[in-house]
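# Descriptive structure summary
Now for the letters of each chain:
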Amino acid sequence: MTAPSFEDFLSLSVDLTAFEETVLLGTGLARPYLAKVRAACGDEVVTALLDAHRASRADAAVDAGGHDRALPDRALLDRALLDRALLDRALRHQIFSDDRLGPVARNVIKLWYAGMWFALPPEWTDCYGAQAAGETSTVTAASYQEGLLWRAIGANPPGAKAPGYGSWAQPPRIEDRYLNGATK
Amino acid sequence: MTASTINNRDDLISYLHVAMALEHATIPPYLTAYYSIHSTTNSDAAHIIRVVAVEEMLHLTLVANVLNAIGGKPDLTRPGFVPSYPAYLPDGENDFTVDLRPLSPEAVETFCKIERPGQAPSADARLLRTADSGSPVLAFSPTAEGMRFYSIGEFYAEILEGLEKVAADDPKLFSGDPALQVGPEYFYSGGGAVIVVSDLDSACRALRFIAAQGEGLDSGIYDADGELAHYYRFRQLQLGRYYQVGDDPDAPSGPPLSVAWDDVYQVKVSARLADYPAGSELAGVVRDFNAAYGAFLALLTRAFNGQPGLLQDAVCDMFRLRDGFNRLVRNPLPGSDGLHAAPTFEIPAVFGPDPETAPAAGQSAQGVTR
């Protein structure tokens, strides 16, 4: 079994968080997060999750483009036009509804947004085994500050990343693409 | 001694425009080195660079005050105000260029050259002929063609002499609108007290303060307030030791200081937009940062032209620029052998002094109002 690839983890994280790759790399935490997920769940589970993600992307690309059903390599996938609705459905089918992969994927989302690894539910560890590093824990001192939730709501992490005196009186700044059609 | 190159108010105004560009030109290089440092590491180096960068912002404001006091019009949006790096300093020193570099021995070497003690070997050596090297020199003496200055300190010495001379001939020199002055109620915690300029005496105090805080012209390692000059702050990083009062300039005797040169994002030196893959997400982020920086300079221009209260908003913008800077340096730059991204400070020309039409500084996102 090959070790889970960083690029694949990044690609998974883009689809799970809806933040762009530059934002994720811009936290400086993508590598520590992959290391945390591997330590908490084991490489077998992480590899299966990344495979399922690739397969989901392939489904969305193939169905959208009508190409042959062979699993395209990553470079082809990156170039392919993805149907976002199809991708969403494929992710739900292949990852979120899966007893083994679903809870891990949900934890990866929480990891990016809150900067914390939350322990997997007991029914998961009963079935698939518990790792010593799987307990609820902070990844690094910086992960709280870099949590995507602060960017998502246009706020600063309380007590960190000072935004300037009086800035709290201004409306939050949220990029258009995340506003989901809200009026301004 | 060389004849003065400043003979009237217009000469003074052009010199002060160059001085503003000069004070600003040092800020992107200092910020690039500062933000290249991995967080929680290199606290000594980070602190030293941060203090100097913040004091340059005070100098920029002080020059704007002097310019306003004699009826000039500060403009940080004029084409060429932000140099294209690598750049020669706008005062005309042309034996070195300034790059946007990560923290490194080379960066500190350049910083020392920027802030080096300014006294020319003799009074008539202040103005030197610019080398005919064909290299672009951004500006030099704005009034004497082909002449440059020995150092930033000598550049300011020339302005101080010119100011005294023109003020003696022109009793109405300081007739600028006092409402344009940035006072301590608008600018504080910025590396020293801001000086409101209303006459020759306060103008000279402001300019001498800049020169003394920079390289310690005439005042040795420490200035009159007991503050270490910028040149010597940076020398500490080269010599690995802090200065204390009474030290010889070449032999600091304070506590040792260590720099972890490896705990740094190796950003590409003086990267340009063209280095970023065309159409990539990353190129878009760099472009957005540059645009936000341009909008920030437009905001400062309004602040220096009658709305000093806007400096409060500028502080928030600076924090947003900081976050954007940090995000960029953590991104690898594709195709550059593992080097990292950084702002390129190529400012789009669309930002006039009226930022109503420009995006908000800091990021392209806009405030949500309901």
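### Some points on the overall build of chain A
- Looking only at helices and strands, one finds ten helices and three strands in chain A.
- Counting from the amino terminus, chain A carries its helices and strands in the arrangement α-α-α-α-α-α-α-β-α-β-α-α-β.
- Relative to its 184 residues, chain A shows a buried fraction of 41%.
- Within chain A, counting contacts between residues at least 6 apart in sequence, those at least 24 apart form 60% of the total.

### A few points about the packing of helix α3 (residues 43–69) of chain B against helix α7 (residues 230–239) of chain B
Residue and element names in this part refer to chain B.
- Where α3 contacts α7, the two axes come as close as 10 Å, and the packing angle between them is 165°. Considering their axes alone, α3 and α7 lie roughly antiparallel with respect to each other. In the packing of α3 onto α7, the handedness of the crossing is left-handed. Contact residues: Ala 45, Ile 48, Ile 49, Val 51, Val 52, Glu 55, Glu 56 and His 59 in α3; His 230, Arg 233, Phe 234, Gln 236 and Leu 237 in α7.
- Among the residues making up the contact of α3 with α7, the classes are represented as seven nonpolar, three polar and three charged.

### Points about the side chain of Thr110(B)
- Position of Thr110(B) among the secondary structure elements: in helix α4 (residues 105–114).
- In this view, Thr110(B) contacts Phe96(B), Thr97(B) and Val98(B); residues no more than four positions away in its chain are not counted.

### Things to note about empty space enclosed by the protein
Residues and elements named next belong to chain B.
- Scanning the entire structure with this criterion turns up three cavities of 30 Å³ or more.
- Reported here for the largest cavity is a volume of approximately 80 Å³.
- Along its surface, the largest cavity is lined by twelve residues, and Glu 23, Glu 56, His 59, Glu 115 and Ile 152 are the ones closest to its centre.
- When residues of the lining of the largest cavity are traced back to their parent elements, those giving at least two are α1 (9–25), α3, α5 (152–169) and α6 (200–215).
- Of the residues forming the lining of the largest cavity, the biggest block, three residues, is contributed by α6.
- The class makeup of the residues in the lining of the largest cavity is five nonpolar, three polar and four charged.

### Brief notes about the layout of surface pockets
- A volume near 1,200 Å³ is recorded for the largest pocket.
- Around the largest pocket sit 44 residues that line it, and Leu10(A), Val14(A), Glu20(A), Glu21(A) and Glu281(B) are the ones nearest its centre.
- For the lining of the largest pocket, the element with the highest residue contribution is helix α1 (residues 6–17) of chain A, accounting for seven residues.
- Of the residues assigned to the lining of the largest pocket, the class counts are 24 nonpolar, six polar and 14 charged.
- Size it by volume and the second largest pocket reaches roughly 1,000 Å³.
- Lining the second largest pocket are 38 residues, and of these Arg50(B), Val54(B), Met57(B), Val315(B) and Met318(B) lie nearest its centre.
- Looking at the lining of the second largest pocket, the elements that each hand over two or more residues are α2 (27–36), α3, α8 (281–303) and α9 (310–329) of chain B.
- Of the residues contributing to the lining of the second largest pocket, the split by class is 26 nonpolar, eight polar and four charged.

### Brief notes about the pattern of salt bridges
- One pass over the structure, following the stated rule, counts 16 salt bridges over all chains.
- Between Asp15(A) and Arg57(A) there is a salt bridge, and its shortest N-O distance comes to 2.8 Å. Of this pair, Asp15(A) sits in helix α1 while Arg57(A) sits in helix α4 (residues 43–65); the two residues are 42 residues apart in sequence, bridging distant segments of the chain. Taken as a pair, Asp15(A) and Arg57(A) share a single burial class, namely buried.
- Arg233(B) serves as the salt-bridge partner of Glu227(B), at 2.7 Å between the closest nitrogen and oxygen.

### Notes on α1(A)
All names here are of chain A.
- Given a rise of 1.5 Å per residue, twelve residues ought to cover 16 Å, and the 16 Å separating the end C-alpha atoms of α1 matches this to within 8%.
- If you check which residues of α1 are buried, you get Phe 6, Asp 8, Phe 9, Leu 10, Ser 11, Leu 12, Ser 13, Asp 15, Leu 16 and Thr 17.
- Downstream of α1 by a residue or two, Ala 18 has a phi angle that is positive, lying close to 65°.

### With respect to the packing of aromatic side chains
Residues and elements named next belong to chain B.
- In the structure shown here, the tally under the stated rule is 20 aromatic pairs over all chains.
- Between the aromatic rings of Tyr 34 and Tyr 35, the centroid separation amounts to 4.9 Å while the plane-to-plane angle is 65°, which identifies the pairing as edge-to-face.
- Given the relative accessible area of 22%, Tyr 34 is considered partly exposed.
- The buried category is assigned to Tyr 35, whose relative accessible area is 15%.
- Look at Tyr 232 and Tyr 243: their rings are 5.6 Å apart centre to centre, the planes differ by 90°, and that puts the pair in the edge-to-face class. With Tyr 232 in helix α7 and Tyr 243 in the loop between α7 and α8, this residue pair connects regions lying eleven residues apart in the sequence. Each of the two residues, Tyr 232 as well as Tyr 243, counts as buried.

The rules behind the values
Residues numbered from 1 in each chain as written. Chains lettered and ligands numbered in written order. Predicted model: local features only at pLDDT ≥ 70, side-chain atom pairs only at ≥ 80, totals over all residues. Heavy atoms only, no water. Helix = DSSP H or I, 4+ residues; strand = E, 2+ residues; numbered from the N terminus. Buried < 20%, exposed > 50% of the residue type's maximum accessible area, 1.4 Å probe, protein only. Contact = heavy atoms within 4.5 Å. Axes fitted to C-alpha atoms, helices over the stretch in contact; angles between N-to-C directions. Parallel < 35°, antiparallel > 145°, perpendicular 65-115°, else oblique. Left-handed = near helix turned anticlockwise from the far one by under 90°. Nonpolar A, V, L, I, M, F, W, Y, C, P; charged D, E, K, R; others polar. 1 Å grid on protein atoms, 1.4 Å probe; cavity = no way out; pocket = protein on both sides within 12 Å on 5 of 7 lines; lining within 4 Å. Points joined across faces, edges and corners; volume = space filled by probe spheres on them. Salt bridge = Lys/Arg side-chain N within 4 Å of Asp/Glu carboxyl O. Expected span 1.5 Å × (residues − 1). Phe/Tyr/Trp six-rings, centres within 6.5 Å; stacked < 30°, edge-to-face > 60°.

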